[in-house]
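# Report on the structure
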2 protein chains.
Amino acid sequence: MSLDSVLAHIDADQDKAQDRLLDLLRIQSISTDSAYKQDCDKAANWLVEDLQSLGFEASKRPTPGHPMVIGHQDGNGIHVTFYGHYDVQPVDPLELWDNPPFEPAIEDTPNGKVIRGRGSSDDKGQLMTFLEACRAWKAVTGTLPVKVSIFFEGEEESGSPSLVPFLKENVEELKSDITLICDTGMVTPKTPSIVTMLRGLVGQQVTITGPSKDLHSGMFGGPARNPIRVLNKALAALHDENGAVTLPGFYEGVPELPQQVAEQWRNLDWSADSFLGDVGLSIPAGEKDRSAIEQIWSRPTCDVNGIWGGYTGEGSKTVIPSQAHAKVSFRLVGTQDPHKIRAAFQDHIRTHLPADCSVDFIDYGAAPASNMEITHPAFEAARTALSDEWENDGVYVGCGGSIPIAGHFQKILGTESMLIGFGQDDDQIHSPNEKYDLRSFHKGIRSWARILDSLSRNAG
Amino acid sequence: MSLDSVLAHIDADQDKAQDRLLDLLRIQSISTDSAYKQDCDKAANWLVEDLQSLGFEASKRPTPGHPMVIGHQDGNGIHVTFYGHYDVQPVDPLELWDNPPFEPAIEDTPNGKVIRGRGSSDDKGQLMTFLEACRAWKAVTGTLPVKVSIFFEGEEESGSPSLVPFLKENVEELKSDITLICDTGMVTPKTPSIVTMLRGLVGQQVTITGPSKDLHSGMFGGPARNPIRVLNKALAALHDENGAVTLPGFYEGVPELPQQVAEQWRNLDWSADSFLGDVGLSIPAGEKDRSAIEQIWSRPTCDVNGIWGGYTGEGSKTVIPSQAHAKVSFRLVGTQDPHKIRAAFQDHIRTHLPADCSVDFIDYGAAPASNMEITHPAFEAARTALSDEWENDGVYVGCGGSIPIAGHFQKILGTESMLIGFGQDDDQIHSPNEKYDLRSFHKGIRSWARILDSLSRNAG
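Residues numbered from 1 in each chain as written. Chains lettered and ligands numbered in written order. Predicted model: local features only at pLDDT ≥ 70, side-chain atom pairs only at ≥ 80, totals over all residues. Heavy atoms only, no water.

### Details of the relation of the copies chain A and chain B
Superposing chain A onto chain B requires a rotation of 180° together with a translation of 0.1 Å along the rotation axis, leaving an RMSD of 0.1 Å. Between the two chains, the operation in question is that of a two-fold axis. When the interface residues of chain A are mapped onto chain B, 100% of them again lie at the interface, so the same face is used by both copies. (Least-squares fit on C-alpha atoms with pLDDT ≥ 70 in both. Contact = heavy atoms within 4.5 Å.)

### Considering the pairing of strand E7 (residues 178-181) of chain A
All names here are of chain A. Side-chain alternation along E7 places Ile178 and Leu180 on one buried face and Thr179 and Ile181 on a second face that is also buried. Pairing between strand E3 (residues 79-85) and E7: four bridges, direction parallel. Note on E7: the bridge partner recorded for Phe82 is Leu180. Pairing of E7 with strand E17 (residues 417-421) involves three bridges; the strand directions are parallel. The partner of Thr179 across the bridge, within E17, is Ser417. (Buried < 20%, exposed > 50% of the residue type's maximum accessible area, 1.4 Å probe, protein only. Helix = DSSP H or I, 4+ residues; strand = E, 2+ residues; numbered from the N terminus. Pairing = 2+ DSSP bridges.)

### Here's the deal with the sheet that holds strand E11 (residues 301-310) of chain A
Sheet architecture is open: eight strands sit in the order E14(A)-E9(A)-E13(A)-E11(A)-E11(B)-E13(B)-E9(B)-E14(B), paired in antiparallel fashion. Strand pairing shows two members of the sheet lacking a second neighbour, strand E14 (358-367) of chain A together with strand E14 (358-367) of chain B, which therefore form its edges. For this sheet the average axis-to-axis angle between neighbouring strands, irrespective of direction, equals 20°. Pairing of strand E9 (residues 200-209) of chain A with E14 of chain A involves eight bridges; the strand directions are antiparallel. Bridge pairing in E14 of chain A places Gln205 of chain A opposite Ile362 of chain A. (Axes fitted to C-alpha atoms, helices over the stretch in contact; angles between N-to-C directions.)

### Some details on the interface of chain A and chain B
At the junction of the two partners, chain A supplies 86 residues and chain B supplies 86 residues. Of all residues in chain A, Pro223, Arg229 and Lys317 of chain A give up the largest surface area on contact with chain B, accounting jointly for 9% of the area buried on that side. Here chain A is connected to chain B by four salt bridges. Note that Arg229 of chain B and Asp303 of chain A form a salt bridge whose closest N and O atoms lie 3.8 Å from each other. Here chain A and chain B share 49 residue pairs in polar contact (both at pLDDT 80 or more) between them. Grouping the amino acids of the side of chain A that touches chain B by side-chain chemistry returns 34 nonpolar, 34 polar and 18 charged. (Buried area = accessible area lost by both parts, 1.4 Å probe. Salt bridge = Lys/Arg side-chain N within 4 Å of Asp/Glu carboxyl O. Polar contact = N/O pair within 3.5 Å; in protein donor to acceptor, adjacent residues only side chain to side chain. Nonpolar A, V, L, I, M, F, W, Y, C, P; charged D, E, K, R; others polar.)

### Some remarks on the UniProt feature "domain: Peptidase M20 dimerisation" (unreviewed entry) in chain A
In the numbering adopted here, UniProt assigns the feature "domain: Peptidase M20 dimerisation" (unreviewed entry) to residues 198-356 of chain A. Each end of residues 198-356 of chain A is marked by a C-alpha atom, and these two atoms are 41 Å apart; helix forms 31% of the span and strand 22%. (UniProt positions renumbered as here; feature names shortened; annotations may be inferred.)

### Topic: the pattern of salt bridges
Residue and element names in this part refer to chain B. Under the definition given, this model contains 57 salt bridges over all chains. The salt bridge involving Asp11 is made with Arg446; its shortest N-O contact spans 3.1 Å. Of this pair, Asp11 sits in helix H1 (residues 2-12) while Arg446 is found in helix H15 (residues 438-458), placing the two residues 435 residues apart along the sequence. Relative accessible area serves as the criterion here: at 15%, Arg446 is assigned to the buried category.

### Concerning unusual backbone geometry
With an omega dihedral of 5°, the bond running from Asp122 of chain A to Asp123 of chain A counts as a cis peptide bond. For Asp123 of chain A, the position within the fold is in the loop between strand E5 (112-116) and helix H4 (124-141). For the bond running from Asp92 of chain B to Pro93 of chain B, omega is 0°, close enough to zero to count as cis. Position of Pro93 of chain B among the secondary structure elements: in the loop between strand E3 (79-85) and strand E4 (105-109). For Gln428 of chain A, which is not glycine, the phi dihedral falls at a positive 55°. One can find Gln428 of chain A in the loop between E17 and strand E18 (435-437). Positive phi, close to 70°, is recorded for His430 of chain A, a residue that is not glycine.

What follows is the structure, given as structure tokens:
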């Protein structure tokens with residue numbers, strides 16, 4: 001039976017598959033920093049060529065930002081669109097990387113071999129699991145089990161500004177029966193997971209200006225307003241003593257967890273102690289009346305992702321700076337409205353602003369949360385295939401991260417998304433020394449090979 | 001009479017005096033940044049050579065940090081020690097300078113000509129007013145009117161770590177009848193001022209560590225502690241609603257202003273509106289029940305001089321950082337104990353520290369406030385000389401800045417200090433585009449020439 005041959009071919013082709021991924025990881029496709037625009041374009045070209053080598057009708061599509069990569073290949077039965085992103089996070093603080101982030105390598109670790117490098121897990125390693133599965137099907141059978149369209153973007157790590165316009169302009173071409181998204185993780189190292197709840201995201205940069213120039217804190221300290229102190233006070237007031245966000249109306253549209261889902265989550269082999277212990281923490285810091293897993297999967301949050309102002313060099317400088325800055329982001333759930341929350345945040349800052357200070361804002365992405373309807377037969381077809389590949393059965397879970405594309409596919413293309421990924425909690429995505437388990441890469445490829453087969457037989 | 005000839009010589013020699021100052025300003029003697037160690041040494045050598053050219057027995061004295069410059073020259077009657085510092089503040093943010101900070105130039109401004117460049121006012125321009133006065137006396141009379149010792153340090157902008165040990169080791173050599181310090185300003189552009197109250201300073205860097213590495217705010221946002229938020233909350237709690245510092249015992253040793261001094265300050269031609277208006281502010285930000293001039297001269301303050309943590313580059317990065325940092329300093333008055341206040345600050349941070357976070361501190365300078373006894377005849381002799389040179393009579397004032405040397409001279413050498421300087425509020429010391437009025441430089445030189453003469457006749 002061809003699935004077995006395909007899986008055997010995947011096992012035999014592992015080394016070459018790794019080499020292909022390492023090639024892609026060497027491209028410094030940091031989308032949020034305009035200095036890397038050419039590298040993003042290079043990653044797009046690399047993918048177009050690889051898709052063409054797999055028999056896809058593939059091309060790079062320009063946008064005002066980084067290009068999209070689109071590919072199509074015919075097949076029988078169900079038509080699926082696979083999504084991934086070829087852009088990666090910035091690498092700072094660079095000094096905390098053990099090896100250069102864009103010189104990827106296979107490493108032995110106490111937990112097995114890993115692929116080390118920026119983007120290895122988020123998301124180049126993950127998207128390649130699907131392409132390698134297609135490569136194996138083509139090599140063994142000469143065709144794909146289902147009709148496949150490919151949609152890769154290069155702006156996922158910088159708010160996807162071009163995504164919605166592009167989707168709207170290309171509805172007919174991108175429409176399919178279901179979307180497959182490989183940008184998530186597994187709830188435990190041996191439990192394959194299909195994410196059905198995704199948090200939304202709204203980001204904002206705030207700059208508070210006090211004095212017209214930097215001042216000497218001796219000559220001016222006392223009567224002169226310090227914008228760092230104004231910013232500290234406003235940001236500290238974003239949370240109450242119980243860890244809840246204080247913005248008026250913030251919890252509008254935040255649903256209570258259905259009893260059976262809460263039950264399923266409680267039964268997961270998941271421990272807050274080890275989840276936090278792995279990153280040197282021990283006390284869940286979120287809303288006091290919520291479990292840690294709820295705090296991540298089904299509760300909204302607010303975090304300061306960056307702050308800067310005044311003298312930050314070596315030694316001391318007694319300055320009262322003219323400006324102070326912060327980057328703040330909110331993770332959203334249910335039907336929370338990102339635009340209302342952005343407005344509430346700006347109001348909050350303004351209410352803390354003395355009359356002789358001013359504030360400027362820069363808007364980053366604004367995406368609502370996504371909740372999948374799992375009634376489509378593709379969901380159970382995929383979950384069964386995952387259960388066949390892994391030690392534990394596949395489960396439906398939530399995800400703290402924000403993958404707005406799922407919501408956009410729902411709204412603009414009218415299709416549900418299946419979020420199936422093989423990342424692990426310790427992959428250190430968005431951090432120094434990002435890695436992807438070779439096990440995730442290998443069994444991820446095998447998982448997609450099984451899913452394509454299962455979809456062709458059970459979701460036609 | 002020789003004073004008139006000396007003043008005439010000063011007027012005639014102005015252009016050359018400016019060129020000498022510009023030479024000194026070109027030396028990048030930033031003491032707080034070890035990258036500029038050689039430049040600090042170069043500035044010390046420059047001063048030794050200039051002192052020798054004026055007939056001083058001058059030499060550079062090594063310290064664990066930057067060298068001291070010492071000079072001696074005999075004269076009749078009273079023996080004075082003149083203090084200044086050759087080191088300067090860092091120059092960032094560099095992009096806000098209209099011209100390179102170490103390429104000084106004479107500029108025309110609506111308020112007259114200025115010398116533009118880092119250190120022009122704080123303190124190279126000021127210390128040169130005294131050397132130029134000595135140069136004129138030597139040129140015209142061949143001698144100095146009084147016995148003069150010179151004491152220049154190169155660590156004033158970085159907490160003066162070597163100062164106290166050096167004073168203690170050289171008491172006999174540095175002891176004199178009174179100290180002259182030129183590192184302060186004028187209360188109004190036409191009112192020469194002798195500072196008799198100086199605020200102290202204690203500085204502290206704080207680093208809060210939460211997670212063992214940077215985290216993805218989607219994967220971890222909620223249960224994971226964000227050290228920026230911990231820092232925001234702790235710093236925001238340093239002040240109450242009335243602008244008072246909340247540290248227990250902070251106001252111990254803070255004296256009430258004597259009625260007659262408060263009266264004299266009220267009568268000064270000094271306006272909070274214009275003081276704040278010059279730097280784009282309008283509302284005194286300090287303790288609500290204190291006037292702006294009290295807030296600067298006679299009240300203690302706490303300011304955050306720098307803060308940083310997380311992603312501060314272009315665009316957005318949804319990270320929960322491992323660490324957050326701040327530089328905090330306190331201005332002290334009366335008999336406040338800098339070491340007690342440092343301890344109270346560290347306790348404050350620790351009480352705001354969650355059990356799974358850690359904190360590290362770096363100590364910067366700790367100097368108590370200074371209050372001068374103005375009974376020594378040198379004070380009135382100097383005030384009279386200043387009144388002769390300037391449009392308005394000289395006045396005794398306070399100063400928000402911290403010049404610990406005055407207190408050290410009191411304690412270690414047992415001599416009072418006369419703080420006489422010619423800086424203006426708009427000199428932008430510690431800020432981009434620092435300047436020194438040519439008027440301050442010229443009349444400052446003339447002032448010292450008069451003071452030396454007056455001291456020789458009235459304070460012998």
